[in-house]
Each structure stands twice: as structure tokens, then as C-alpha cells.
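# Structure at a glance
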Amino acid sequence: MLGSKRPFSSASAMGVRRGIRNAAGPGPGPGLEPETAGYFRRALETLQEGLSPEELALFAPNVLAEAAAAGPGVALDPGGSRVLQALLPQAPLRVLGQILPPLVLGGLGGPAGHPLGARVLEAALGRVLPALGEAVGPAKEEEEEEEEEEEAVGLVEEAVGGLAAAVRDDPVAFARHPAGSFVVRALLRVLGGAPGAGVPQLPPGGAEPKTKGVELVLKGAEPASEGAELPPSFPPLLGQLAEAFEEHLASLLSPAGASLCLQVALEVLHRSQSPACSRLCNALIGQLAPPSPTPAESALVGGLQDPERSRLLEAAMAVAGPQRLRELFRQHLKGRLRGVAAHRVANHGLQRLLDHAPADVVGEVLSELGPALAEPLARGHPGVLTALLGACRRHPGLQQEALRCLFQAFGCWEPRERRKACVGLLAGLRPFGGGDKAAEGAEPEPSLGPVTLHGSLLLQHLLHFGDPAPVLGGLKALPPTALLALARSPPGSRVWDALLASPTVPARARRRLLRKLKGHFLSLACHRNGSRVLDAVWVSASGPARAAIADELASQHEALQRDPHGRGVARTLALDLFRRRRRLWERLQAAPDRRSLLGPLLED
């Protein structure tokens with residue numbers, strides 16, 4: 001493919017090497033010559049057509065080298081910007097050392113302040129940690145190659161330091177700038193050793209040819225290679241940025257771009273265990289939720305109800321320590337939980353508190369909010385229930401009380417026989433009766449309707465409780481067709497995952513439920529979600545159970561081969577070998593390392 005395209009010959013690239021025009025122009029960055037811009041436009045077209053891994057390995061270094069020769073103007077060109085965003089996540093350190101330094105020059109008057117240039121700079125920053133990690137890998141064989149890498153490391157570190165100094169000197173301008181905000185967030189992640197910001201990049205190893213244009217996958221830049229250490233200059237730079245943010249805190253609360261910079265700063269400081277994290281967190285909470293003049297008022301509750309301030313308060317609660325969370329709860333939230341849980345915005349702040357709260361705080365929340373769980377459920381805030389159950393999952397002493405409160409909210413705690421219908425009620429977030437008094441006299445039948453995301457999360461948490469018997473009883477009461485529908489549902493299949501993975505589910509209960517799927521394995525195997533559940537069942541099944549599954553599916557071999565998911569299941573189960581040489585199949589299934597032994601046979 002590459003050989004048939006003239007735009008990438010060395011002769012046609014001379015326009016790139018001739019450089020850029022208007023370098024001293026008044027705009028945010030230099031413009032490219034028409035021939036150079038055409039080169040990168042055709043490079044983008046080639047990426048859109050798709051390249052094999054071998055072609056991409058030849059294509060990327062050549063285009064990146066031309067981009068390095070062309071200068072920062074490539075980042076401001078529509079075609080060049082997209083090409084760099086796609087290829088920089090795989091750029092070697094030497095090329096990164098050539099491309100990154102010009103991108104950080106000029107502050108907001110350079111690429112960092114340009115809508116296209118900022119995205120390229122973000123992609124380049126996301127590549128810094130992986131590239132540095134590769135540089136400290138195996139020793140280089142040639143001294144000249146090692147010297148080049150050391151020089152590239154110095155250039156990259158110097159460029160990152162220069163950008164950090166520019167942001168430190170004027171954090172408000174950068175954070176409030178529509179394009180500069182992206183750069184600040186990527187810089188913070190690099191300095192803290194966190195995975196990079198989400199930037200468009202090609203799927204690893206190239207892509208198949210596409211008819212409707214390239215579909216660049218949004219992924220975070222890969223984290224640093226295992227064993228790589230953060231450069232010693234980065235943590236002090238991160239601390240300096242945190243001090244600058246704290247100094248200008250009032251100006252960074254809005255707009256949304258500046259607020260996101262504060263949120264990312266808290267996340268990165270917490271991840272890097274920087275002492276500046278607690279200082280910035282306390283300063284932010286003090287700014288948004290100062291002590292209330294009267295006990296009847298709470299600035300924290302008011303902040304949680306505000307769409308803009310609530311995001312910052314949630315980020316602060318995610319990094320605050322147990323003692324700080326305890327103080328916030330008892331000074332601001334205790335006694336006000338029902339109103340917070342019922343509020344359209346504030347309930348999310350309560351969820352973040354529960355995600356990180358210590359056991360005593362969770363217990364107090366359960367005591368106050370547990371009897372009234374039906375209220376946030378009726379208002380369409382099921383996340384409050386899932387967050388509370390997730391917190392109780394971490395603290396086993398609260399699980400029985402949480403189970404009782406949850407079942408009471410859904411109307412299936414008393415009488416005891418009603419608990420058999422709990423799975424359908426919880427999965428569909430449908431409390432018994434739905435507020436209809438006429439339905440109170442009738443008992444619900446165990447059934448399964450549409451499975452919701454939060455209903456699935458509730459069941460998953462309950463299956464990981466110390467005593468999952470109530471949910472297991474509800475699953476056992478369901479007919480086989482309902483269990484099949486649960487496995488074929490996208491959120492319902494995750495309930496099966498929890499059932500198979502939970503260490504508190506007895507093996508006997510798991511076997512009883514799996515036996516109810518007998519006769520339905522073909523329906524599972526030929527379904528996108530069901531086949532994944534069947535794979536998980538296969539991994540955890542005993543030898544006799546595997547033989548029973550394979551025996552049922554072997555008789556349906558033709559139907560499996562007509563379905564793409566079914567073909568994958570047939571290969572996983574080695575059904576061809578099962579049909580031809582069952583005894584050998586059984587011996588191989590009993591071996592400790594079944595996959596490595598089956599592999600050569602499956603290739604025959």
C-alpha cells in the first residue's frame with residue numbers, strides 16, 4: 001500500500017523540509033506551505049484507509065520524522081494535527097524529543113493555545129511517561145545509541161519543565177483557556193505519574209481497511225512501562241503547580257475547564273501521595289463549604305446542590321482522609337441525608353462520600369437513611385442505593401441491616417415468602433406494588449423483567465455479601481427461561497459473573513443454578529452476552545459438568561458453526577476433539593494446564 005502512494009516518497013517530502021511560512025505571523029502558530037499541508041492530508045487519508053501492523057511500522061516513523069522536520073506548524077494544520085494525534089502515542093523517545101520542545105514554546109500564544117495544537121500537545125504529553133520508561137529498559141548495545149537516548153531524555157524533561165513553569169506563572173489563564181485547559185490536565189497527569197489524558201489514537205497494531213473513514217479510538221495514553229521511575233524533577237514541579245492553584249483558588253472554580261483542572265490536580269496529587277494533596281483539598285473545601293454561621297444552615301449541602309460546585313466537592317471528598325470525611329459528615333450532613341439523597345444533584349455527592357467513608361460514617365448513614373431508601377428510589381436516584389450497598393460490602397458488620405433496609409424499600413422483606421421474588425424486583429428497580437394499594441394483597445410471583453444497570457449492581461453487591469442466601473433463594477425460584485434471559489442481558493450477565501466469582505456463594509448453590517441451564521447451552525453459546533457467561537461457567541466448572549456441557553453442544557455442532565459466537569465457544573470447549581476422541585479430551589480436561597495441552601491439538 002505504501003509503495004503505491006507517491007506522497008510519501010523522499011522527493012515529494014522536500015516541501016516539508018523546506019519548512020514553514022509566516023513563522024512570525026500574529027496568529028496562534030505558523031502556517032504550513034500548501035505542499036506540506038497536502039502531504040499530511042494525504043497521510044491522513046492513508047490512515048483512514050487502514051494499515052496492517054507491518055505497514056504501520058514503516059509508515060509511522062517516516063511521517064513522524066517529516067513532522068519533526070516541519071516544526072510546530074504541523075500541529076496547527078487540520079490534517080497534520082489528526083495525523084500526529086494518531087501516531088504520537090507510538091512515537092519513540094528520540095522523535096518525541098524532536099517534536100515536543102517546539103510545541104511548548106510560546107505559552108498560550110503557541111500550540112498550547114490553539115484548538116488543534118493543544119490536542120497534539122496533549123497526545124505528546126501522554127507519550128512522555130511510556131517513552132521514558134522504555135528508555136530505562138534493557139541496556140543499549142551501542143554507545144552512540146545510548147547517548148542519543150540520554151539527549152532525548154534531557155530534551156523531553158526540559159520541555160515538560162518549561163511548560164510547567166509557564167503554567168505555574170499564569171495558572172488562571174491556562175486553566176480558563178478552552179484549549180489550554182486540556183494541556184494543563186495532561187501536564188498534571190505526566191508530572192504525577194498517572195495515565196495520560198484521553199486522546200485519539202489508532203488501535204494498537206494498526207487497523208483493518210475502513211470504508212467510512214478512520215475511527216480513532218479514544219483511549220488514555222498507556223501508563224509508564226513496568227519498572228519505570230518518575231524523573232526526579234517531576235514531583236517538585238507538581239508541588240509548585242499545586243501551590244499556584246491554591247494561591248489562585250477562587251479564580252479556578254469556574255468555568256468548567258478550570259474546574260476540571262482542579263479535579264485532575266486533586267486526583268493526581270492523591271495518586272502520587274503528595275503532601276500538597278491534603279492542603280489543596282482542605283483549601284478547596286474551605287472555599288466552597290465554609291463553617292455555617294447557624295446550625296440550621298449548611299454550606300456543604302448548598303454546594304452539593306449546585307451543579308458546578310458539586311463536582312469540585314465530590315473530587316475533594318474522593319481524596320479526603322477518613323477523619324476529614326467524618327468531620328464533614330457530622331458537621332454538615334448528619335440529619336440532612338434524606339433531603340440530600342432526594343436532590344437531583346446533591347445525591348451524587350452523597351454517593352462519593354459513601355464510596356470513601358469509614359465504617360462508622362457508613363453506619364450512621366445507614367441508620368438515618370436506611371428506613372427511607374424508598375424515597376431516593378422513587379425519585380429516580382438508584383445510585384444512592386448501590387453506593388450504600390457497595391459501602392456495606394466493604395464493612396461486613398453492616399450487611400445484614402443494609403439487606404433488611406433494601407428489601408423493605410422494595411416491599412419484599414415480610415412476609416418471608418415474598419423474598420423469593422427479590423431478584424425480579426431488584427433487577428428491574430420495581431418495588432412490590434409500585435405504590436398501588438390494590439396490589440398489596442397479592443403475592444408477587446418469581447419472574448424477571450427488563451434488567452437495569454443499577455438493579456444489576458445491587459444484585460452483584462448482595463452476591464458478594466457474607467450471606468448471599470436471600471439472593472440465591474430468589475435466583476433458585478426463577479424458571480430456567482428467566483435464568484437464561486438474565487445471562488443474555490448485558491447488565492444481567494454481570495450478575496452471573498458475580499455468582500460465579502463470589503467467594504461467599506457455596507459451590508452446591510452454584511451447581512444447582514447451573515443445572516437449571518441444561519438444555520439452553522446452545523442459546524447461550526450463540527449469543528453475544530450468553531457466550532461470555534458460558535465461557536465463565538466453563539472456567540469454573542468441574543470435570544463432569546464440563547463433559548455434560550460439551551455433550552449437549554456437540555450434538556448441535558452445525559448450529560454452532562453457523563454463528564460467530566458459537567464458533568468461538570466450540571473452539572474454547574474443543575468440541576472437535578470431544579467428538580473425535582472423547583477419552584483423550586477427558587484426560588486433557590483433567591490435566592492441570594489444559595489450555596497449553598489443548599493448543600497444539602486444536603491447531604491440527
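Given the structure is predicted, the values throughout are model-derived calculations rather than measurements.

## Some remarks on the packing of helix α11 (residues 256-271) against helix α14 (residues 307-319)
The geometry of α11 relative to α14 is characterised by a closest axis approach of 10 Å and an angle of 5° between their N-to-C directions. Considered as vectors, α11 and α14 are oriented roughly parallel to each other. From α11, Ser259, Leu262, Gln263, Leu266 and His270 reach across to α14, where they touch Arg311, Leu312, Ala315, Ala316 and Val319. A per-class count over the contact of α11 with α14 returns six nonpolar, three polar and one charged.

## Digging into the confidence of the model for the protein chain
Reading predicted coordinates in detail is not appropriate for stretches of low pLDDT. Put simply, the protein chain has an average pLDDT of 84, and 83% of its residues get 70 or more. The low-confidence segment residues 197-227, where pLDDT is below 50, has 76 contacts with residues more than four positions distant or belonging to other chains. Long-range and interchain partners of residues 595-604, a stretch whose pLDDT sits below 50, account for twelve contacts in this model, where long-range means more than four residues apart.

## Regarding the packing of aromatic side chains
Per the counting criterion, the structure on display carries four aromatic pairs. Ring centres of Phe407 and Trp413 lie 6.3 Å apart, and the angle between their planes is 75°; on these two criteria the pair is classed as edge-to-face. This pair shows no difference in class: Phe407 is buried, exactly as Trp413 is. Ring geometry for Trp538 against Trp585: centres 6.0 Å apart, planes inclined by 50°, an arrangement best described as tilted. A residue pair is termed long-range when its members are at least 10 positions apart, and Trp538 in helix α29 (residues 528-540) and Trp585 in helix α34 (residues 582-590) qualify at 47 residues. Per residue, the accessibility class of Trp538 equals that of Trp585, and both read buried. Each member of the aromatic cluster is reached from another via a ring pair, and the members are Trp538, Phe578 and Trp585.

## Quick notes on the environment of Ala387
Checked against the element boundaries, Ala387 lands in helix α20 (residues 382-394). Once the C-alpha coordinates of Ala387 and His461 are considered, the two residues, 74 residues apart in sequence, prove to be 9.7 Å apart. Filtering out sequence-adjacent residues up to four positions away, Ala387 remains in contact with Gln351, Leu354 and Asp355.

## A short note on α14
Among the residues of α14, those classed as buried are Ser310, Leu312, Leu313, Glu314, Ala315, Ala316, Met317 and Val319. Where α14 begins, one side-chain oxygen reaches toward the backbone nitrogen of Glu308, 3.1 Å away; that side chain belongs to Asp306.

## Description of the state of the cysteines
Note: disulfide means a covalent bond formed between the sulfur atoms of two cysteine side chains. Applying the stated criterion across every chain, the model contains zero disulfides. Unpaired in this structure, Cys412 has its nearest cysteine sulfur neighbour in Cys422, at a distance of 5.8 Å. Assessed through its relative accessible area of 0%, Cys412 is described here as buried.

Thresholds applied
- Residues numbered from 1 in each chain as written.
- Predicted model: local features only at pLDDT ≥ 70, side-chain atom pairs only at ≥ 80, totals over all residues.
- Heavy atoms only, no water.
- Axes fitted to C-alpha atoms, helices over the stretch in contact; angles between N-to-C directions.
- Helix = DSSP H or I, 4+ residues; strand = E, 2+ residues; numbered from the N terminus.
- Parallel < 35°, antiparallel > 145°, perpendicular 65-115°, else oblique.
- Contact = heavy atoms within 4.5 Å.
- Nonpolar A, V, L, I, M, F, W, Y, C, P; charged D, E, K, R; others polar.
- pLDDT = per-residue confidence, 0-100.
- Phe/Tyr/Trp six-rings, centres within 6.5 Å; stacked < 30°, edge-to-face > 60°.
- Buried < 20%, exposed > 50% of the residue type's maximum accessible area, 1.4 Å probe, protein only.
- Polar contact = N/O pair within 3.5 Å; in protein donor to acceptor, adjacent residues only side chain to side chain.
- Disulfide = S-S within 2.5 Å.

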